[in-house]
Amino acid sequence: MGIPTPTLETGRLRLRPFTDADADAVYALQSDAHVLRYWDSPPWTDRASIARFLGRCRTMAEEGSGVRVAVERTADGAFIGWCSVNSWNPDWRSASLGYCLTEAAWGRGHATEAARVLLRWAFGTFDLNRVQAETDTRNVASARVLEKLGFVREGTLREDCIVNGDVSDSWVYGLLRREWAG
């Protein structure tokens, strides 16, 4: 069962399906070593990664397992990142939240704003009871985003990622429907 990728708007942002025109901006984001320093995989070094990324976006929607949307500023249409709700399990009524924004968008509340509107859509569309998110324990800014959204830190996954020889821990966060302030 497919799920159409939504177009959602806030006062400052538009979340929309990816298009092929996003390829260069997506590559710039996903190949930025500074942006991805706390990521669970290394920065891209191969432009073929763009096609795989965009293909996974389409496959998620076609399979109904989630959505990944491009995030752009409404003022000028500039691509500033992406946000996703994925790994939807209809039996458990659960899914995972993810996001990645350009460094120029950091510290402006864009991640919180984008994730909030996507979560609002996802809680209704998927009839979610629980959303989970993980962040590297060194990524204090991402942890703050999750906490602003109402997520509760539930535990630590010790040494769960090894990227280019760098071992790191992750915090696991959960947000329950009854705690969601929307």
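How each quantity is defined
Residues numbered from 1 in each chain as written. Predicted model: local features only at pLDDT ≥ 70, side-chain atom pairs only at ≥ 80, totals over all residues. Heavy atoms only, no water. Helix = DSSP H or I, 4+ residues; strand = E, 2+ residues; numbered from the N terminus. Expected span 1.5 Å × (residues − 1). Buried < 20%, exposed > 50% of the residue type's maximum accessible area, 1.4 Å probe, protein only. Contact = heavy atoms within 4.5 Å. Core = buried A, V, L, I, M, F, W, Y, C linked by side-chain atoms within 4.5 Å.

Would you take a moment to explain helix 2 (residues 48–63) for this structure?
An α-helical turn contains 3.6 residues, so any two residues separated by three or four positions project in the same direction. Given a rise of 1.5 Å per residue, 16 residues ought to cover 22 Å, and the 23 Å separating the end C-alpha atoms of helix 2 matches this to within 8%. Three or more residues of helix 2 are buried, namely Ser49, Ile50, Phe53, Leu54, Gly55, Cys57, Met60 and Ala61. Buried residues along helix 2 sit in contact with helix 1 (23–30), strand 3 (67–73) and strand 4 (79–89). One or two positions beyond helix 2, positive phi appears at Gly64, with a value near 80°.

I'm lost on the nonpolar core in this one. Help?
The nonpolar side chains of a soluble globular protein tend to be buried with one another. Counting 38 residues, the largest nonpolar core has Leu15, Leu97, Leu118, Leu119 and Phe151 as the members making the most contacts within it. Taken together, the elements giving at least two residues each to this core come down to strand 2 (13–16), strand 3, strand 4, strand 5 (94–101), helix 3 (110–125), strand 6 (130–136), helix 4 (140–148) and strand 8 (166–176). In terms of residues, this core owes the most to one element, helix 3, which gives nine residues. Sequence-distant contacts of Leu118, that is, excluding residues within four places in its chain, are made with Leu8, Leu15, Val67, Val69, Cys83, Ser84 and Val85.

Help me understand unusual backbone geometry, please; the structure alone is not making it clear to me.
Trans peptide bonds make up most of the peptide bonds, and negative phi angles are found at most residues other than glycine. The phi dihedral of Ser87 falls on the positive side, at around 55°, and the residue is not glycine. Residue position: Ser87 is located in strand 4. For Glu159, which is not glycine, the phi dihedral falls at a positive 45°. The residue Glu159 is located in strand 7 (residues 152–163) in this model. Here Glu159 falls in the exposed class, since its relative accessible area comes to 58%.

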